[in-house]
Amino acid sequence: MSRATLDWLFAAGFLALAAGIGIARASPATTYEASVYAGTPTAVWPAFALALAIAVATSLACRGRQQAIGVGLGATAVTAIVSLPVIRGYHFYGMGDALSHLGWTRDIVEGEMAAHELFYPAIHSLGSIFHLLGGVSVERGLLFALVVVFVPFLAFVPLVVRDLSGSALAVGAAAVVSWMVLPINNVATHMGVHTNSNALFLVPVVVFAVVAYLRRRATVERLPFGLSPFSVLVYLSGIALLLVHPQQMVNAVVFVAAVSGVQYLARRRYADHPILEQPTVYTQTVVLGVIFVVWAATNRRFREAAEGFVVGIFAADVGAGGEIDQQGSSLTEIGGSLSELFVTMFLDAAVIGLVVGLFVLLAVVGRTSLDKEGRSLVTYFVAALVPLGAMFLLYFLGTPNMAFRQMGFIYVLLTILAGVAIAHGVGGCSRLVPRSAATALAAAVLGACLVLGLMTVYASPIIYSPGQHVSEATFNGYETGMDRGVEDRPYAGVGYDPYRFDHGINGLEGEDSLTGGTAASGEVDADAFNAGDYAGAYGGADYYLAVTAFDETREFDVYRGVRYDEADYRGLESDPSADRVVSNDDFRMYDVSGEEG
């Protein structure tokens, strides 16, 4: 294809992307949206699809400047998709940990606490900066912080692969796989203000720093104390990862320690090997480990989490088996199945995992075309996957939720290895068919996986999990209800504990915090509620019942009344024990007189 044709193609891609962003921006969300995808105007998706199709084709088929433009086009398109809550004016996104992080950020902004008092203050500090310097709301500042932290993932994955392989095809393939955002699994890692998940997007920066230190060896140390620019980059990126979330810093230390272990064994076994020519990372391993230990040992929350993990491993009733069985039966009740959910959520990850697994097997037996130094670098990744995989199994036995967080880190490394693996796969197929045909086949498969991956970046009813859009009406409804409610009267929700909204509205450290001080919160008893016993549904006490559009969508549209019966829920309106005291399009709060009253 001629350069002029490519230029026109790129122009069409960027124009389509700009048009899609403009259309999305012109159609802001006014009420709660159960799906970011369905709520976005339909015309946006063909525009984004055209941009991504051009990006995938040129990233794999082109070289040099044209490939860089293609990679940039695709990364920008994926960033736009991730940024849809910002583009479309969402008040906030995230109804679990995200609301607590919002509360901590509000505490920092209002002077109730200092940033360094948090165990992992980076996202909160960045959101505060956007709020204080940019003049945006705290909620919007955190959404900006999410996008800023996401971008390094798309930028550094291909950079790592360039140092690993040097193959342009591998760089392009790695870029496309990074657009699938495989570390986000919507089980324990989420696209939102969720610091553990956000930290995954900085892991490629640490990996790049380590690989650059190993590969781009400086003959002259230009910094004091015998430091090189690349070793400093290792330390700085590691500290940044720690400040976003320490669990992923632990995984990064394990990765660097695995590199150290391989180097140590190679020096004891071989007299001549490329690993012997690479600088060791012993010092980096020790320094990063000490930084983490010093930071974590003084934090009470970390100690409690570590104790809970150890207890979980040895507790007979803790583990993933029971949870999977329970989820499977629940899905059957609402017309779904685990197999269907697996295909939707994990098929693309399984395909990439299989490709990488085959490549690793060939690399171990020496059947790849990697040069000796490239093979040694891949060996580091393979060695790191062993302890990381063992940690996954331990988490799976003890705290299954943490296992899927661990899986997120593992898939960062698999995303990087996937670029090298796919390039070798295309090279192998080129012996049987023309290279252009092999590249086209790879583009088709990667394109299909990309669509599936982007469909599940955000939660939506397609994976039986409605989106966690917090509309302004919902936020204002909770704020009014908590501000004007009777002191010491508890707040309850239909399948959702309102205490997270208390965090987001009042913070966690100030005197106005309700659930942290004077008032309890929780969920109403489903059996009593479904029986129409609203007065007795919360232990017989007087309480405020908050119901949002999110609750109704989840319980009645997605869960189809498995937990709460819609007819009995509608009976609230006519029940003499319940008075509606706050109401808008997305939120209603009832003052319910309990049996004790």
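In this report, the structure presented in the accompanying data block is examined.

Comments concerning the sheet that holds strand S5 (residues 543–548)
Here comes step 1: As summarised here, the arrangement of the five strands in space is S4-S3-S5-S7-S6, forming an open sheet in which the pairing is mixed. Since the sheet does not close on itself, it has two edges, and those belong to strand S4 (521–523) and strand S6 (578–583), each with one partner. Averaged over all neighbouring strand pairs, the angle between strand axes comes to 30°, with direction disregarded.
Here comes step 2: Of the strand pairs in this sheet, S6 and strand S7 (residues 587–592) are connected by five bridges, and their pairing is antiparallel. Bridge assignment links Ser583 to a residue of S7, and that residue is Arg588.
Here comes step 3: Set on the sheet, helix H22 (residues 472–484) makes contact with strand S3 (491–493), S5, S6 and S7; between it and S7 the angle comes to about 25°.

What about helix H26 (residues 549–558)?
Here comes step 1: Within H26, nine of the ten residues are buried, which leaves it mostly tucked inside the rest of the structure.
Here comes step 2: Every buried residue of H26 is accounted for by Ala549, Phe550, Asp551, Glu552, Thr553, Arg554, Glu555, Phe556 and Val558.
Here comes step 3: Against S5, helix H27 (566–570) and S7 lie the buried residues of H26.
Here comes step 4: A positive backbone phi angle near 55° is found at Arg560, which sits one or two residues after H26.

Re a nonpolar patch on the surface
Here comes step 1: Nonpolar side chains collect at one region of the surface, where Leu361, Leu362, Val364 and Val365 lie side by side and expose about 390 Å² of accessible area between them.
Here comes step 2: Its location among the elements puts Val365 in the loop between helix H18 (338–364) and helix H19 (372–398).

What to know about the environment of Val445
Here comes step 1: Mapped onto the secondary structure, Val445 falls in helix H21 (residues 435–455).
Here comes step 2: A relative accessible area of 40% means that Val445 is categorised as partly exposed.

Observations regarding empty space enclosed by the protein
Here comes step 1: Under the counting rule described, the total for this entry stands at one cavity of 30 Å³ or more.
Here comes step 2: In this structure, the largest cavity spans a volume of roughly 100 Å³.
Here comes step 3: Lining the largest cavity are 14 residues, and of these Leu182, Ile184, Asn185, Met345 and Phe346 sit closest to its centre.
Here comes step 4: Of all the secondary structure elements, the ones that give two or more residues to the lining of the largest cavity are H18 and helix H20 (400–429).
Here comes step 5: Counting residues per element, the lining of the largest cavity draws most heavily on H18, at four residues.
Here comes step 6: Residues that form the lining of the largest cavity fall into these classes: nine nonpolar, four polar and one charged.

Here we look at the side chain of Ser231
Here comes step 1: Here Ser231 is to be found in helix H12 (residues 229–244).
Here comes step 2: Overall, the relative accessible area of 4% leaves Ser231 in the buried class.

Things to note about the layout of surface pockets
Any empty space left between atoms is shown by rolling a water-sized probe over those atoms.
Here comes step 1: Here the second largest pocket defines a volume of roughly 740 Å³.
Here comes step 2: Around the second largest pocket, the lining comprises 32 residues; the ones closest to its centre are Ala421, Ile422, His424, Gly425 and Val426.
Here comes step 3: Of all the secondary-structure elements, those providing two or more residues to the lining of the second largest pocket are H18, H20 and H21.

Quick look at the nonpolar core
Here comes step 1: The biggest cluster of nonpolar side chains holds 168 residues, and the ones touching the most others in it are Trp179, Met191 and Phe381.
Here comes step 2: Counting residues per element, this core draws most heavily on H20, which supplies 16 residues.
Here comes step 3: Ignoring anything within four residues of it in the chain, the contact list for Phe381 reads Val160, Leu164, Val207, Val211, Phe255, Leu413, Ile416 and Leu417.
Here comes step 4: With 18 residues, the next largest nonpolar core counts Val494, Tyr543, Phe556 and Tyr569 among its residues.

A look at the pairing of S5
Here comes step 1: Of all the six residues making up S5, six are buried; the element is thus mostly covered by neighbouring parts of the structure.
Here comes step 2: Here S5 shows no split at all, with Tyr543, Leu545 and Val547 on one side and Tyr544, Ala546 and Thr548 on the other all buried.
Here comes step 3: Taken together, the six bridges between S5 and S7 define a ladder with antiparallel strand orientation. From the neighbouring strand, Thr548 faces S7, where its bridge partner is Phe587.

Notes on the pattern of salt bridges
Here comes step 1: Going through the model one piece at a time under the given rule, you end up with 15 salt bridges.
Here comes step 2: A salt bridge links Arg106 to Glu139; its shortest N-O distance comes to 2.7 Å. Here Arg106 is found in helix H6 (residues 97–109), whereas its partner Glu139 is found in helix H8 (residues 138–164), with 33 residues between them in sequence.
Here comes step 3: Residues Asp542 and Arg489 are paired through a salt bridge, measuring 3.9 Å at the closest nitrogen-oxygen approach. Separated by 53 residues along the polypeptide, Asp542 in the loop between helix H25 (526–530) and S5 and Arg489 in the loop between H22 and S3 bring together distant segments of the chain.
Here comes step 4: Note on Asp542: relative accessible area 27%, which makes it partly exposed.
Here comes step 5: The buried category is assigned to Arg489, whose relative accessible area is 18%.

Quick notes on helix H7 (residues 122–134)
Here comes step 1: The end-to-end C-alpha distance of H7 is 17 Å, a good match for the 18 Å that 13 residues give at a rise of 1.5 Å each.
Here comes step 2: The complete set of buried residues in H7 reads Ile123, His124, Gly127 and Ser128. The arc that holds every buried residue of H7, seen down its axis, measures 135°, which confines them to one face. Pointing more than 90 degrees away from the buried face of H7 are the exposed residues Leu132, Leu133 and Gly134.
Here comes step 3: On the buried face of H7, the contacting elements are H6, H8, helix H10 (195–200) and H12.
Here comes step 4: Positive phi appears at Gly135, one or two residues downstream of H7, with a value of about 75°.

Observations regarding the packing of H18 against H21
Here comes step 1: Between H18 and H21, whose axes approach to 9 Å, the crossing angle comes to 140°. Looking at the two axes, H18 sits oblique to H21. Here H18 and H21 pass one another in a crossing that is left-handed. Between H18 and H21, the residues in contact are Val343, Thr344, Leu347, Asp348, Val351 and Ile352 and Leu446, Cys449, Leu452 and Gly453, respectively.
Here comes step 2: Along the lines of polarity and charge, the residues of the contact of H18 with H21 split into seven nonpolar, two polar and one charged.

Observations regarding the environment of Ala443
Here comes step 1: You can see Ala443 is positioned in helix H21.
Here comes step 2: C-alpha separation for the pair Ala443 and Ala57, spaced 386 residues apart in sequence, amounts to 6.4 Å.

Cut-offs and rules
- Residues numbered from 1 in each chain as written.
- Predicted model: local features only at pLDDT ≥ 70, side-chain atom pairs only at ≥ 80, totals over all residues.
- Heavy atoms only, no water.
- Pairing = 2+ DSSP bridges.
- Helix = DSSP H or I, 4+ residues; strand = E, 2+ residues; numbered from the N terminus.
- Axes fitted to C-alpha atoms, helices over the stretch in contact; angles between N-to-C directions.
- Contact = heavy atoms within 4.5 Å.
- Buried < 20%, exposed > 50% of the residue type's maximum accessible area, 1.4 Å probe, protein only.
- Patch = residues over 30% accessible without salt bridge, like charges linked within 9 Å, V, L, I, M, F, W, Y side chains within 5 Å.
- Areas by Shrake-Rupley, 256 points an atom, 1.4 Å probe, with all protein chains shown as cover.
- Salt bridge = Lys/Arg side-chain N within 4 Å of Asp/Glu carboxyl O.
- 1 Å grid on protein atoms, 1.4 Å probe; cavity = no way out; pocket = protein on both sides within 12 Å on 5 of 7 lines; lining within 4 Å.
- Points joined across faces, edges and corners; volume = space filled by probe spheres on them.
- Nonpolar A, V, L, I, M, F, W, Y, C, P; charged D, E, K, R; others polar.
- Core = buried A, V, L, I, M, F, W, Y, C linked by side-chain atoms within 4.5 Å.
- Expected span 1.5 Å × (residues − 1).
- Arc of directions from axis to C-beta.
- Parallel < 35°, antiparallel > 145°, perpendicular 65-115°, else oblique.
- Left-handed = near helix turned anticlockwise from the far one by under 90°.

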